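Summary of structural features
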Amino acid sequence: MSALWDLPDYDDHEVVHFVRDHASGLSAIIALHSTHLGPAAGGTRFWHYADKTNAVKDVLRLSRGMSYKNAMAGLPMGGGKAVILADEDRTKTPAMLAAFGDAVERLGGRYVTAEDVGISVADMQAVAERTSFVSGLPAEGDNAGGDPGPFTAFGIFLGIQAAAKFKLGRDSMDGVHVAIQGTGSVGGRLARLLAKDGAKLTLADIDADGANDLASELGAEIVSTDEIMQVECDVFSPNALGGVLDDASIAALRSPIVAGGANNQLARPEHGKLLAQREILYAPDYVINAGGIISVASEYFAKTENREVDVAEVRERIAEIPGRLVSIWEEAASSGRTSAEIADARAQELIGRG
Ligand code: NAD
């Protein structure tokens, strides 16, 4: 592996911590890309990397992504991310989570963690036994917090409404056809919100049973996971994996809008240009999918200030997402740059790296 700072994903990280605890067997990396706007916030991923270099690349890319997402969401938070390196059997023990909590605590609040892939709410509660620099814990009563999925879905729903208005001149979602890739926590909730608003839906998920049940409940069509990106529709909404927008898939898209919650949708930065060349309106992923982190941040600050945060306040902040998208699309239309380039430039400016 080349030196850490030669990796393209390094991008001037403020600090990268490699954590090793022999007693528990914990190996983790905590990357802090920027604390310019506040404590670096971003979840912890528990993943088995056959090649450890990929763990480093993953944490760096995700950490920078959180800097951009938090800045664009108007949050007083920087960007960071942690990965816990799982063994092949994905052994996860209370001692490892405790040692991870101790490592977060030692950073003294420069990093605030939450759940990510492979880390459950119960795992985060175990981490929270050792450090208070944690968010994404179960909501109590009418408080925001806990699972960010519903808040992420709500922001994407509002973003899709804005895209349909901006690109298609549609004032309502009645009859607007949305093809949803991935009907998990985010995509499933998004489907329900869209169905309630009159949209026509086509769904696909590798969990065919789950997708079929949802389709019957909502009166939606089902297609295979191979077909979903070629459905002729008004909006293609990726809510499963990253990297789905590449040369081949963009050439095959039959939708004037791409707007969904998956992180890192563009396989490479230049795929933003390919979308623009095909006159497909693209909602930059970290702008439209910020609803969850807005909830997580509100929960965190309410806890540190010993007050309650209510759902209405979080929803108001999420309701700012469509305006942010429209402003990006307007600048793209007048400047000839892509929406992805404009979002990146604005985020870099906000974190003092413009
Ligand atoms: P999830 O695991 O609940 O759902 C993902 C769904 O995608 C699953 O149902 C899975 O079966 C399906 N899937 C996987 N591969 C697929 C394929 N090839 N084709 C179709 N479906 C496939 O995860 P989630 O929390 O809903 O997150 C979805 C995406 O949104 C991820 O990229 C995640 O990083 C991103 N995201 C989530 C949140 C959040 O609040 N949960 C916030 C921001 C971004």
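Residues numbered from 1 in each chain as written. Predicted model: local features only at pLDDT ≥ 70, side-chain atom pairs only at ≥ 80, totals over all residues. Heavy atoms only, no water.

- Named according to an unreviewed UniProt entry, the protein chain is Leucine dehydrogenase originating from Blastomonas marina.
- As stated in UniProt under Sequence similarities (unreviewed entry), the record for the protein chain gives "Belongs to the Glu/Leu/Phe/Val dehydrogenases family." (UniProt positions renumbered as here; feature names shortened; annotations may be inferred.)

Some remarks on the site of the ligand
- For the ligand, the set of nearby residues contains 20 residues, the closest of which are T152, S185, V186, D205 and A240.
- The separation between an oxygen atom of the ligand and a polar side-chain atom of D205 is 2.6 Å.
- Taken by itself the ligand offers 830 Å² of open surface, and the protein chains cover 72% of this.
- Classifying every residue of the shell around the ligand gives seven nonpolar, eleven polar and two charged. (Near = heavy atom within 4 Å. Polar contact = N/O pair within 3.5 Å; in protein donor to acceptor, adjacent residues only side chain to side chain. Areas by Shrake-Rupley, 256 points an atom, 1.4 Å probe, with all protein chains shown as cover. Nonpolar A, V, L, I, M, F, W, Y, C, P; charged D, E, K, R; others polar.)

A short note on unusual backbone geometry
- In this model, D12 sits at a positive phi of 55°, which is unusual for a non-glycine residue.
- Tracing the backbone through its elements, the reader meets D12 in the segment before strand 1 (15-21).
- For D12, a relative accessible area of 56% corresponds to the exposed category.
- For N264, which is not glycine, the phi dihedral falls at a positive 50°.
- With respect to the helices and strands, N264 occurs in the loop between strand 11 (257-258) and helix 8 (271-277).
- The exposure class assigned to N264 is partly exposed, which follows from its relative accessible area of 30%. (Helix = DSSP H or I, 4+ residues; strand = E, 2+ residues; numbered from the N terminus. Buried < 20%, exposed > 50% of the residue type's maximum accessible area, 1.4 Å probe, protein only.)

Overview of helix 13 (residues 339-350)
- If you check helix 13, its first and last C-alpha atoms are 17 Å apart, about what twelve residues at 1.5 Å a residue would give, namely 16 Å.
- Every buried residue of helix 13 is accounted for by S339, A340, I342, A343 and A347. What you see down the axis of helix 13 is that its buried residues fit within an arc of 165°, all on one side.
- On the buried face of helix 13, the contacting elements are helix 1 (52-72), strand 12 (281-282), helix 9 (285-288) and helix 12 (321-335).
- G352 sits one or two residues past helix 13 and shows a positive phi near 75°. (Expected span 1.5 Å × (residues − 1). Arc of directions from axis to C-beta. Contact = heavy atoms within 4.5 Å.)

Quick look at the nonpolar core
- The biggest cluster of nonpolar side chains holds 86 residues, and the ones touching the most others in it are I30, F100, V178, L194 and L201.
- No other element matches the ten residues that helix 4 (residues 149-168) contributes to this core.
- Here this core spans two domains, since at least three of its residues come from each of domain 1 (4-128) and domain 2 (149-288 + 322-350).
- Counting 17 residues, the second-largest nonpolar core is a separate cluster that includes I228, V231, V244 and L253. (Core = buried A, V, L, I, M, F, W, Y, C linked by side-chain atoms within 4.5 Å. Domains from an automatic or database assignment.)

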